[in-house]
Amino acid sequence: ELKVEQNPLFLSMQEGKNYTIYCNYSTTSDRLYWYRQDPGKSLESLFVLLSNGAVKQEGRLMASLDTKARLSTLHITAAVHDLSATYFCAVVESGAGSYQLTFGKGTKLSVIP
Amino acid sequence: DVKVTQSSRYLVKRTGEKVFLECVQDMDHENMFWYRQDPGLGLRLIYFSYDVKMKEKGDIPEGYSVSREKKERFSLILESASTNQTSMYLCASHGQSSGNTIYFGEGSWLTVV
């Protein structure tokens, strides 16, 4: 059974600081997704990581994937208040052709001015 | 733009009522999913469908059923709603035309009293 663990679950950080959210998963994976969710809203797709060593960046967010360690990271650079949200990683298990996602529990990020 | 539309955004139902949650996508996607989101638990897969009239159980199918009579529509049914089914329900879709992108609807907030 695929398990996905995120840490930390809660993160309070000051504007301008850097931090990393970690996502570990328990079995081999074809694809790893990062999503953002604002309160009361649906999921916004941030990144899809497909291969070992994949790195993607958008603005102050950078995601990477290490399939050997079964680890993905979401790095936040010089945080701003607008990044306050809950961030989820989600994994599609290898061979699961249906694209069903197994989610981590989410990291609630609060950026304090 | 791909649209995944959940027609009911906010519902309040009584215990024992039959509840239908509807999801429609406009991109001819093969795969459709129903997730449930609860605080501290992340998103959990209830059911998914990879074709018309086809369905597969996810991680938490108990108390739910689904229907997919047309390719664009995937319905989640609570035969006899209970208070522990109070939650946010998210529909998602994916198809060959969308590459690796999985699209989510806006969510349906269900309260069972």
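One can find the structure itself at the top, above this paragraph.
Anyway, here's the lowdown on the structure attached to this text. Since the structure is predicted, the reported quantities are computational estimates derived from the model, not experimental observations. (Residues numbered from 1 in each chain as written. Chains lettered and ligands numbered in written order. Predicted model: local features only at pLDDT ≥ 70, side-chain atom pairs only at ≥ 80, totals over all residues. Heavy atoms only, no water.)

Focus on the sheet that holds strand E6 (residues 55-58) of chain A
Residue and element names in this part refer to chain A. Operational definition: When DSSP finds two or more bridges between two strands, those strands count as paired. By the criteria applied, helices consist of DSSP H or I runs no shorter than four residues and strands consist of E runs no shorter than two, each listed in order from the N terminus. Between N-to-C directions, angles cover 0 to 180 degrees, with each direction set by a line fitted to C-alpha atoms, over the stretch in contact for helices.
Read across the sheet, five strands follow the order E1-E3-E8-E7-E6 without closing on themselves; strand pairing throughout is antiparallel. In this open sheet, the two strands that pair with only one neighbour each are strand E1 (4-7) and E6. On average, each strand axis in the sheet is inclined to that of its neighbour by 15 degrees, with strand direction left out of account. With six bridges connecting them, strand E7 (residues 61-66) and strand E8 (residues 71-76) associate as antiparallel partners. Following the sheet pairing, aspartate 66 is matched in E8 by leucine 71.

Description of the state of the cysteines
To keep it simple, the criterion reads: The disulfide criterion used throughout: a pair of cysteine sulfur atoms within 2.5 Å. Remark: exposure states derive from per-residue accessible area (1.4 Å probe, protein chains only) relative to the maximum for the residue type, with buried under 20%, exposed over 50%, and partly exposed in between.
Scanning the entire structure with this criterion turns up two disulfides over all chains. Through a disulfide, cysteine 23 of chain A is tied to cysteine 89 of chain A; the S-S separation comes to 2.0 Å. Between cysteine 23 of chain A and cysteine 89 of chain A, the S-S torsion sits near 80 degrees, and that sign places the bridge as right-handed. Here cysteine 23 of chain A is found in strand E3 (residues 19-25), whereas its partner cysteine 89 of chain A is found in strand E9 (residues 85-93), with 66 residues between them in sequence. Cysteine 89 of chain A gets classed as buried once you look at its relative accessible area, which sits at 0%. Here cysteine 23 of chain B connects covalently by a disulfide to cysteine 91 of chain B, the sulfurs 1.9 Å from one another. Across the S-S bond of cysteine 23 of chain B and cysteine 91 of chain B the torsion is about -75 degrees, and the bridge reads as left-handed.

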